[in-house]
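An overview of the molecular structure
Chain by chain, the residues:
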Amino acid sequence: MTLPAALLSRSLACLSLLAAAAPGCDRPGRAAGTATAPPGASSALTPGGAEEVASGATAAAPAADGGATPPDAAPPVAGAAPLAAQIAPLRAEGPFVELAVEGFPSAVVSVPIGATARRPVLIASHGNYDRPEWQCQVWRGIAGDGAFILCPRGAARSDSPSASDVRFTYESNARLEQEIDAGLAALRARFPEHVDPGAVLYTGFSLGAIMGSAIAARRAALFPRLVLVEGGHDKWTPASAKAFAEGGGQRVLFVCAQAGCGAAASAAAARLEKAGVLTRVVRGKEAGHRYDGPVAEETQRALGWAIEGDARWHAR
């Protein structure tokens, strides 16, 4: 299934503007400013590559008993309109907003301005030495303006280029999991009538993909579908693949722009398929360790498969 033509047109237009100014949300309370374009592959990795960053992985938890309410299912917001009812159009100061997150630095959110019904949520986790502003900008170009795109910030790196160009990482997958939970709670509190309470589409680049694989193996009810760009392959052991499948995992899309990534993704896909999870590996032309430009275009072309059958992504 492909995305609607109108959405593709708008998304490609967004991609052509990646080099333009993007909202800056470097610290809480700061007014929107500008951010530089996403870094290239060489600046996004520490020596040895992102795979060497400690992920804080823990053993996958067993799936909940069948018939029980999934522990990760978001509770309906009290007093919210029924899912099918039309509500007042969503209004915000712009397509990207800064979201205060209790216990964590502020997140960046791409919002579906004008939405008159509940819209699904996409988590876009960045790589090491990266910024959430860049992820949100690129993913709005990929997925369009019809969903909430929540981009968790993580922890600032002490070796950032400058005080005006702070880069971020994630300390562990357990800490990222907590930050995502707090971010989702803040998002629902800020837009209580517009945020869909159901499953969330998890996407991650490099370090974000690595940590997301471990999180999803434990939280498949909340993250049944994944888009993993340039990372997250080695974490799919037979045990974690089985836990993901038994917990409700449905689909995993791997996107690669390097030969090594493609081989590792194919091996991970085989383990997931054996466990009963649908997978797809997209191998674009050699473009280096990145998520924008040609890699974003490949991701956009394949996204329809990742959201296939989920009516929330096709309603307007």
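These lines cover the structure that appears in this document, whether it is placed above or below. Bear in mind that the values here come from a model prediction, so they are computed numbers and not experimental data.

A word on the pattern of salt bridges
By the definition in use, this model includes 17 salt bridges. Close ionic contact of Lys 242 with Glu 246 constitutes a salt bridge, the shortest N to O distance being 2.6 Å. Of the two residues, Lys 242 and Glu 246 both sit in helix H6 (residues 238-246), 4 residues apart, roughly one turn of that helix. Taking the relative accessible area as the measure of exposure, Glu 246 reaches 48% and is therefore partly exposed.

Examining the sheet that holds strand E4 (residues 148-151)
The strands making up a sheet associate through backbone hydrogen bonding, with each pair oriented either parallel or antiparallel. Strands sit in the order E1-E2-E4-E3-E7-E8-E9-E10 across an open sheet of 8 strands; the sheet is mixed. The open sheet terminates on both sides in strands that have one partner only, identified here as strand E1 (96-101) and strand E10 (278-283). Each neighbouring strand pair of the sheet contributes to a mean axis angle of 20°, computed without reference to strand direction. The sheet contact formed by strand E3 (residues 121-125) and E4 spans 3 bridges and is parallel.

Structural notes on the environment of Trp 313
For Trp 313, the location among the structural elements is in the segment after helix H8 (293-306). The exposure class assigned to Trp 313 is buried, which follows from its relative accessible area of 13%. Trp 313 has contacts with Arg 119, Pro 120, Val 121, Leu 122, Ala 147, Leu 201 and Ile 307, leaving out every residue within four places of it along the chain.

As for the nonpolar core
Phe 223 and Trp 236 are the most contacted members of the largest nonpolar core, which has 47 residues in total. One finds Ile 142, Cys 151, Leu 201 and Ala 257 within the second-largest nonpolar core, a separate group that totals 31 residues.

Digging into the packing of helix H4 (residues 173-190) against helix H5 (residues 207-218)
Relative orientation of the contacting elements H4 and H5 amounts to 70°, with a least axis distance of 9 Å. The orientation of H4 with respect to H5, classified from their angle, is roughly perpendicular. Our pair here, H4 against H5, has a crossing hand that is right-handed. In this structure, H4 uses Asn 173, Ala 174, Leu 176 and Glu 177 to contact H5, whose residues at the interface are Met 211, Ala 214, Ile 215 and Arg 218. Per-class residue counts for the contact of H4 with H5 are 5 nonpolar, 1 polar and 2 charged.

Here we look at unusual backbone geometry
One non-glycine residue, Tyr 129, lies in positive phi territory at about 60°. Residue position: Tyr 129 is located in the loop between E3 and helix H3 (132-143). Positive phi, normally seen in glycine, also occurs at Ser 206, with a value near 55°. The residue Ser 206 is located in the loop between strand E7 (201-205) and H5 in this model.

Remarks on the pairing of E10
Note that strand E9 (residues 251-256) and E10 share 6 bridges and pair parallel. The residue bridging Arg 251 from the neighbouring strand is Leu 278, located in E10. After leaving E9, the chain enters helix H7 (residues 259-275) and then returns to the sheet as E10, a path that is right-handed.

With respect to the packing of H6 against H7
Between H6 and H7, whose axes approach to 8 Å, the crossing angle comes to 45°. Classified by the angle their axes make, H6 and H7 are oblique. Between H6 and H7 lies a crossing of right-handed hand. Here Pro 238, Ala 241, Lys 242, Phe 244 and Ala 245 of H6 come into contact with H7, specifically with Arg 271, Leu 272 and Ala 275. The residue inventory of the contact of H6 with H7, partitioned by class, reads 6 nonpolar, no polar and 2 charged.

Rules and cut-offs
- Residues numbered from 1 in each chain as written.
- Predicted model: local features only at pLDDT ≥ 70, side-chain atom pairs only at ≥ 80, totals over all residues.
- Heavy atoms only, no water.
- Salt bridge = Lys/Arg side-chain N within 4 Å of Asp/Glu carboxyl O.
- Helix = DSSP H or I, 4+ residues; strand = E, 2+ residues; numbered from the N terminus.
- Buried < 20%, exposed > 50% of the residue type's maximum accessible area, 1.4 Å probe, protein only.
- Pairing = 2+ DSSP bridges.
- Axes fitted to C-alpha atoms, helices over the stretch in contact; angles between N-to-C directions.
- Contact = heavy atoms within 4.5 Å.
- Core = buried A, V, L, I, M, F, W, Y, C linked by side-chain atoms within 4.5 Å.
- Parallel < 35°, antiparallel > 145°, perpendicular 65-115°, else oblique.
- Left-handed = near helix turned anticlockwise from the far one by under 90°.
- Nonpolar A, V, L, I, M, F, W, Y, C, P; charged D, E, K, R; others polar.
- Right-handed = clockwise from strand over helix to strand, strands pointing away.

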